[in-house]
Amino acid sequence: MRLSRRHPRYESLRVRAGLAEAARDGLVVPEGLIAQGRGEAFDYLLGERTSPSARRAERVAAVWLRRADRPVVSINGNVAALAAREVARLERALPSLGVEVNLFHRTPKRAVQVASTLRRGGVTRVLGVHPTARIPGLPSDRALVDRDGIFAADVCLVPLEDGDRTQALRALGKRVISVDLNPLSRTSRTADLPIVDEVTRALGHIVEDLHRVSAPPARRVFPPFDAAGALADALATIDRRLRKVAGPRWPRPSRGR
Ligand code: ATP
Ligand code: MG
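Treat the numbers as computed from the prediction; the structure is a model and nothing was measured.

## With respect to the pattern of salt bridges
Move 1: By the definition in use, this model includes 19 salt bridges.
Move 2: The partner of Arg 55 in a salt bridge is Glu 58, and the shortest N-O contact between them spans 3.7 Å. Of the two residues, Arg 55 and Glu 58 both sit in helix H3 (residues 52–67), 3 residues apart, roughly one turn of that helix.
Move 3: The exposure class assigned to Arg 55 is buried, which follows from its relative accessible area of 14%.

## Some details on the packing of helix H2 (residues 30–46) against helix H9 (residues 227–246)
Between two packed helices, what matters for the description is the angle formed by their axes and the separation of those axes.
Move 1: Here H2 crosses H9 at 65°, and the two axes come no closer than 8 Å. Between H2 and H9, the angle is such that the two are roughly perpendicular. Contacts between H2 and H9 pair Phe 42, Tyr 44, Leu 45 and Leu 46 from the former with Ala 234, Thr 237, Ile 238, Arg 241 and Leu 242 from the latter.
Move 2: The residue makeup of the contact of H2 with H9, split by class, is 7 nonpolar, 1 polar and 1 charged.

## Points about the sheet that holds strand E1 (residues 71–75)
Move 1: Overall, parallel pairing links the 6 strands, which are arranged E3-E2-E1-E6-E7-E8 in an open sheet. Each edge of the sheet is formed by a strand with only one pairing partner; in this case those strands are strand E3 (126–127) and strand E8 (193–195).
Move 2: Here E1 pairs with strand E6 (residues 155–159) via 3 bridges, running parallel. Looking at E6, one finds that Pro 71 is bridged to Val 155.
Move 3: The strands that helix H6 (residues 163–171) touches are E1, E6 and strand E7 (175–179); relative to E7, the one it contacts most, it runs at about 160°.

## Some thoughts on the packing of aromatic side chains
Move 1: In total, this model carries 1 aromatic pair according to the counting rule given.
Move 2: Positioned over the ring face of Trp 64 is Arg 175, at 4.7 Å from the centre of the ring.

## A short note on the site of ligand 1
Move 1: Every one of the 18 residues lining ligand 1 counts as a neighbour, but Asp 162, Gly 163, Asp 180, Arg 186 and Thr 187 are closest to it.
Move 2: Between ligand 1 and Asp 162 there is a distance of 2.9 Å, counted from an oxygen atom to a side-chain nitrogen or oxygen.
Move 3: In this structure, a nitrogen atom belonging to ligand 1 sits 3.2 Å away from a main-chain N or O atom of Leu 181.
Move 4: Contact with the protein chains removes 86% of the 630 Å² of surface that ligand 1 exposes when unbound.
Move 5: When residues in the shell around ligand 1 are grouped by element, the largest group, 4 residues, is from H2.
Move 6: Taken together, the residues of the shell around ligand 1 sort by class into 5 nonpolar, 6 polar and 7 charged.

## Brief notes about the nonpolar core
Generally speaking, soluble globular proteins have nonpolar side chains that are buried together.
Move 1: If you look at the biggest cluster of nonpolar residues, it comprises 49 residues, and the most contacted ones within it are Ile 75, Val 87, Val 101, Leu 118, Ile 177 and Ile 195.
Move 2: Top element by residues in this core is helix H4 (residues 77–93). It accounts for 9 residues.
Move 3: With near-sequence residues (within four places) excluded, Val 101 lies in contact with Ile 75, Arg 106, Ala 111, Val 114, Ala 115, Leu 118, Val 126, Leu 127, Gly 128 and Val 129.
Move 4: Listed in part, the 14 residues of the second largest apolar core include Val 72, Ala 143, Ala 153 and Val 158.

## Digging into H3
Move 1: Across its 16 residues, H3 extends 23 Å between first and last C-alpha, which sits within 8% of the 22 Å expected from 1.5 Å per residue.
Move 2: Summarising burial for H3: 13 of the 16 residues are buried, a large majority.

## Re helix H5 (residues 108–121)
Move 1: With 14 residues, H5 should reach 20 Å at 1.5 Å per residue; the first-to-last C-alpha distance of 20 Å fits that figure.
Move 2: Those residues of H5 not exposed but buried are Arg 110, Ala 111, Gln 113, Val 114, Ala 115, Thr 117 and Leu 118.
Move 3: Against the buried residues of H5 lie helix H1 (10–25), E1, H4, strand E2 (98–101) and E3.
Move 4: Gly 122 lies just past H5 and shows a positive phi near 115°.

Analysis parameters
Residues numbered from 1 in each chain as written. Chains lettered and ligands numbered in written order. Predicted model: local features only at pLDDT ≥ 70, side-chain atom pairs only at ≥ 80, totals over all residues. Heavy atoms only, no water. Salt bridge = Lys/Arg side-chain N within 4 Å of Asp/Glu carboxyl O. Helix = DSSP H or I, 4+ residues; strand = E, 2+ residues; numbered from the N terminus. Buried < 20%, exposed > 50% of the residue type's maximum accessible area, 1.4 Å probe, protein only. Axes fitted to C-alpha atoms, helices over the stretch in contact; angles between N-to-C directions. Parallel < 35°, antiparallel > 145°, perpendicular 65-115°, else oblique. Contact = heavy atoms within 4.5 Å. Nonpolar A, V, L, I, M, F, W, Y, C, P; charged D, E, K, R; others polar. Pairing = 2+ DSSP bridges. Phe/Tyr/Trp six-rings, centres within 6.5 Å; stacked < 30°, edge-to-face > 60°. Lys NZ or Arg CZ within 6 Å of the ring centre and 35° of its normal. Near = heavy atom within 4 Å. Polar contact = N/O pair within 3.5 Å; in protein donor to acceptor, adjacent residues only side chain to side chain. Areas by Shrake-Rupley, 256 points an atom, 1.4 Å probe, with all protein chains shown as cover. Core = buried A, V, L, I, M, F, W, Y, C linked by side-chain atoms within 4.5 Å. Expected span 1.5 Å × (residues − 1).

The structure is reproduced here in structure tokens:
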């Protein structure tokens, strides 16, 4: 299908066409397309741009990643299809970063496909194609990880993650930075540092910030982050947007009850 650049939703249609193609190739699973639809809905509600609060979260994320001993980013099919180039830029900005394939719907073929997509985007070293460890407490293949990657990581960046895995990573004592447009998801609600933003925007901003953040001597000293405050900000952004769009018809909050 030819997409006209003049279409008012050209960018969204372009991304959808890319994901649909990736789904036909088997890189993205049908469930991944559903996840994208949910993400798009929240992006619409958030105004399809990075909020000042999400931008602050991205800056803190860059500091945490820079100060980590073993930072790792977890990559699924959607992230590879949407953001392989941004992941490569992240790896260049932070050479200590492990880039690890981690799939909810894992087959050996898909793991290789995700790794090839990352390499085509410019990622030099991909972990997790042949997993060597398991995350305790998680059923099935979702627990499979690399002993030198997620298993040993102190800071995990998990874009478009599932809530159970986020909880399992936290239970292992890892600091979890999530990227998820849904401020109500279990992932956003359990991460130490939830970034409520679209994945390509968020990774692009973190790369910019990494260039400005110095490395040691402050290694392993992580500035605190108010996760509940960040989620409340995201909900307030949605609330403000709905009020603006609905105008005076939007019901006023009731008082005195
Ligand atoms: P959870 O398991 O955390 O409760 P969920 O089951 O609702 O979440 P999953 O499919 O497990 O959803 O996770 C995918 C998440 O990724 C969704 O919450 C969706 O909003 C988010 N998402 C999808 N596409 C994007 C994107 N391009 N950028 C950022 N977030 C996205
Ligand atoms: Mg889920």
